[in-house]
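Here is how the chains run, residue by residue.
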Amino acid sequence: MTVLAIEHTSFTDTHVTVTAIVDEMRLLYRATYLDPEEWAPALCQATIELDPEEPIPLDEDGFCSYLDQLDPQWELLEKDDIE
């Protein structure tokens, strides 16, 4: 999955929780005989364990690339989950 934008981050000593717009997370249209499935970006959240030896990029583009490389388990946020 590709992270398009960071919406929110929160850090603890050992983890970071990221809320982000992630590409191809929400199914728009199911596949038909003539057309494949179509997916869209969606608001998602993931919690990642921090490696004290690895620096985290501080700019948004760098952090998005860092998350793409980690490929965390993104959870789709529903409207009720959004604060």
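Residues numbered from 1 in each chain as written. Predicted model: local features only at pLDDT ≥ 70, side-chain atom pairs only at ≥ 80, totals over all residues. Heavy atoms only, no water.

### Points about the packing of aromatic side chains
Next, step 1: For the structure on display, the rule yields one aromatic pair.
Next, step 2: With centroids separated by 6.0 Å and ring planes inclined at 15°, the aromatic side chains of F63 and Y66 adopt a geometry described as stacked. Of the two residues, F63 and Y66 both sit in helix α1 (residues 60-70), three residues apart, roughly one turn of that helix.
Next, step 3: Residue Y66 is classed as buried on the basis of its relative accessible area of 8%. (Phe/Tyr/Trp six-rings, centres within 6.5 Å; stacked < 30°, edge-to-face > 60°. Helix = DSSP H or I, 4+ residues; strand = E, 2+ residues; numbered from the N terminus. Buried < 20%, exposed > 50% of the residue type's maximum accessible area, 1.4 Å probe, protein only.)

### Considerations on the sheet that holds strand β4 (residues 75-76)
Next, step 1: Taken in spatial order, the four strands line up as β1-β2-β3-β4 in an open sheet, and their pairing is antiparallel. Single-partner strands in this sheet number two, and they are β1 (3-11) and β4.
Next, step 2: With respect to the sheet, α1 is in contact with β1, β2 (15-29) and β3 (38-49), its orientation differing from that of β1 by roughly 90°. (Pairing = 2+ DSSP bridges. Contact = heavy atoms within 4.5 Å. Axes fitted to C-alpha atoms, helices over the stretch in contact; angles between N-to-C directions.)

### Here we look at the nonpolar core
Next, step 1: The biggest cluster of nonpolar side chains holds 17 residues, and the ones touching the most others in it are V3, I6, V18, A20, L67 and W74.
Next, step 2: Looking at this core, the elements that each hand over two or more residues are β1, β2, β3 and α1.
Next, step 3: Counting residues per element, this core draws most heavily on β2, at five residues. (Core = buried A, V, L, I, M, F, W, Y, C linked by side-chain atoms within 4.5 Å.)

### A look at the pairing of β2
Next, step 1: Both β1 and β2 contribute to a ladder of seven bridges, which runs antiparallel. The residue of β2 that forms the bridge with S10 is T17.
Next, step 2: Hairpin connection between β1 and β2: a loop of three residues separates the two successive antiparallel strands.
Next, step 3: Pairing of β2 with β3 involves eleven bridges; the strand directions are antiparallel. Directly across from H15, in β3, lies its bridge partner E49.

### A look at unusual backbone geometry
Next, step 1: Located in the positive-phi region is E24, a residue other than glycine, with phi close to 60°.
Next, step 2: By secondary structure assignment, the location of E24 is in strand β2.
Next, step 3: For E24, a relative accessible area of 48% translates into the label partly exposed.
Next, step 4: You will see that D71, though not glycine, has its phi angle at about 50°, which is positive.
Next, step 5: Position of D71 relative to the elements: it lies in the loop between α1 and β4.

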